[in-house]
Amino acid sequence: MANSTTRDTAAPAGALDRFFKISERGSSLTSEIRGGLVTFFAMSYIIVLNPIILGNVQDGTGQLLGGGTDEPNITMIAAATALIAGVLSIIMGLVANFPLALAAGMGLNAVVAYSIASLPEMTWADAMGIVVLEGIIILLLVLTGFREAVFRAVPPELKVAISVGIGLFIAFVGMVDAGFVRPGSGTPVELGVAGSVAGWPLLVFVFGVLTAIVLMVRKVKGAILISIIASTVVAVVIEAVAKVGGMVGADGVLNSHGWKLNVPQLPDSVIDWPDFSLLGQFSLFGSFEKIGAVAVILLVFSLLLADFFDTMGTMVAVGSEAGLVDKDGNIPKTRQILVVDSVAAIAGGAGGVSSNTGYVESAAGVGDGARTGLASVVTGVAFLLATLFAPLVEMVPSEAATPALVVVGFLMVMQVTGIDWKNMELAIPAFLTIVVMPFTFSITAGIGAGFITFVVIRIAVGKVRQVHPLMWIAAVLFVLYFVRGPLGDALGVF
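For the chain, the name recorded in an unreviewed UniProt entry is NCS2 family permease, with Sanguibacter inulinus as its organism. Comment text from UniProt for the chain, heading Sequence similarities (unreviewed entry), reads "Belongs to the nucleobase:cation symporter-2 (NCS2) (TC 2.A.40) family. Azg-like subfamily." Listed in UniProt under the heading Subcellular location (unreviewed entry), the comment for the chain reads: "Endomembrane system".

Explain the overall build of the chain to me, and be specific about the residues and the numbers.
If you tally the helices and strands in the chain, you get 22 helices and four strands. The C-alpha atoms of the chain give 22 Å as radius of gyration, which agrees with the globular expectation for 494 residues (23 Å, within 12%). Its C-alpha atoms put the chain at 65 × 55 × 55 Å along the principal axes. Within the chain, counting contacts between residues at least 6 apart in sequence, those at least 24 apart form 78% of the total. When the accessible surface of the chain is summed, it comes to about 19200 Å², and 68% of that surface belongs to carbon and sulfur atoms. Between the mean site of the 24 positive side-chain charges and the mean site of the 33 negative ones, the chain shows a separation of 14 Å.

Hey, could you go over the confidence of the model for the chain for me, with residue numbers and the actual values?
On average, residues of the chain score 83 in pLDDT, and 91% of them reach the 70 mark or higher. Across the chain, the element-wise mean pLDDT spans from 68 in helix H16 (residues 390-393) up to 95 in helix H15 (residues 373-386). Per-residue pLDDT stays below 50 along residues 1-7; that stretch engages in 30 contacts with residues further than four places along the chain or on separate chains.

Could you give an account of the nonpolar core, naming the residues involved and the relevant values?
Formed by 112 residues in total, the largest nonpolar core has its most connected members in Phe98, Trp124, Ile166, Phe309, Ile447 and Phe451. In this structure, Phe309 is in contact with Val150, Ile447, Phe451, Ala474 and Phe478, ignoring residues within four places of it in sequence.

Hey, could you go over a nonpolar patch on the surface for me, with residue numbers and the actual values?
The grouping of Val476, Val479, Leu480, Phe482, Val483 and Leu487 at the surface amounts to a nonpolar patch, some 450 Å² of accessible area in total. The dominant element in the nonpolar patch, judged by the number of residues it contributes, is helix H21 (residues 469-482), at four residues. Tracing the backbone shows Val483 in the loop between H21 and helix H22 (484-491). Overall, Val483 belongs to the partly exposed group, its relative accessible area being 37%.

Rules used throughout
Residues numbered from 1 in each chain as written. Predicted model: local features only at pLDDT ≥ 70, side-chain atom pairs only at ≥ 80, totals over all residues. Heavy atoms only, no water. UniProt positions renumbered as here; feature names shortened; annotations may be inferred. Helix = DSSP H or I, 4+ residues; strand = E, 2+ residues; numbered from the N terminus. Rg over C-alpha atoms; globule rule 2.2 N^0.38 Å. Contact = heavy atoms within 4.5 Å. Areas by Shrake-Rupley, 256 points an atom, 1.4 Å probe, with all protein chains shown as cover. Lys, Arg positive; Asp, Glu negative; His and termini not counted. Charge placed at Lys NZ, Arg CZ, Asp CG, Glu CD. pLDDT = per-residue confidence, 0-100. Core = buried A, V, L, I, M, F, W, Y, C linked by side-chain atoms within 4.5 Å. Buried < 20%, exposed > 50% of the residue type's maximum accessible area, 1.4 Å probe, protein only. Patch = residues over 30% accessible without salt bridge, like charges linked within 9 Å, V, L, I, M, F, W, Y side chains within 5 Å. Salt bridge = Lys/Arg side-chain N within 4 Å of Asp/Glu carboxyl O.

Have a look at this one:
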């Protein structure tokens, strides 16, 4: 459901307006720029987090990403992460005119680090080669029309459920990344520190959420961006005065009352020249020698299925929030969106920073007014500038950026009224799609649960002919995806 409370409208602004259809979509140049910046701040954590995930894992030969065995190449990985995210986000905006930004995929990067690169004899170059192979295959699936056909075969109710589920998912991500929700003692999760909102960082998060809510209710334009900036200023003041964040104990355990990622303090310098030497460090077929063809195929399949359906869900969620879907839940220029996303997987592997994919955090920018690809271009430019101005980006703590995810999660969950809850044949798959995403911390798992349940129910009620052939294929693939661990063990390839 599009959020109209933050939308600006203006007279056409010439060639730029016509190219991006800004006025046609009820937006304005100001809204697109603001929305693009909001998306950037909502997902800029990847510049910090991707190096942490990839940079501290030794490959099967004992080497860290970028070379060496002792010190992680954090700045090198951060520079490449920002560069590729920037270029691909700009391409998405120009080619597909869709407000979806791209960067190294969370979850996918962990799979590459902990399940691929760390295999015996595997090198980081071999692991990135597997990512490139997955991207090439998924690009072929798009060019043949298969990926788009699967998307169109999904019932509209499940598309709504995917969007709602992602709304809950990103709200949960926001709370977890801010430390507002943490692993509990005796319970799976709990509020804050030992059940309390303890420490200044959590108070900054609460301040950010309440600020965004109040501004949105009062229909202030740019509510989310204002909230991020205001919370960052408050955080910087608190860090300077109270000296509470960024403390790490001798055993390496983060201070429970400290900042989760970035410490909000004024940087010593504004510009830091980037090191792009990580680009091109991949071996396309090196993995076949190291672990064999069967293992490579299973690893490519795991990455491919996650990438395939994560992007579909993200595209639906962002498109629905922007009001860019038709009555069947389809989105204009679907193929162009999927082509760019597929190329992103290839580029991420070739750039040595893992598969890049569309970010659901783009919904934060849409929630603040973005409706066109110009917002993605703005986000991309911000990522490119971040390669130079990394110290300024690192000044924004996750506690100041993640409130945007919570608020946008609410906007996306509002679409739940589009599901007929009295029709159990559709309501149950929709429900499982919605709840499995946040409960398993996986968009792919939620989509898979919904697809499989939908097919099983259709069989049970004798409506087999109403199941699209591609839904059958997708359901079977998801079954294989869910049992890929035992399957790999049985074949002795992991």
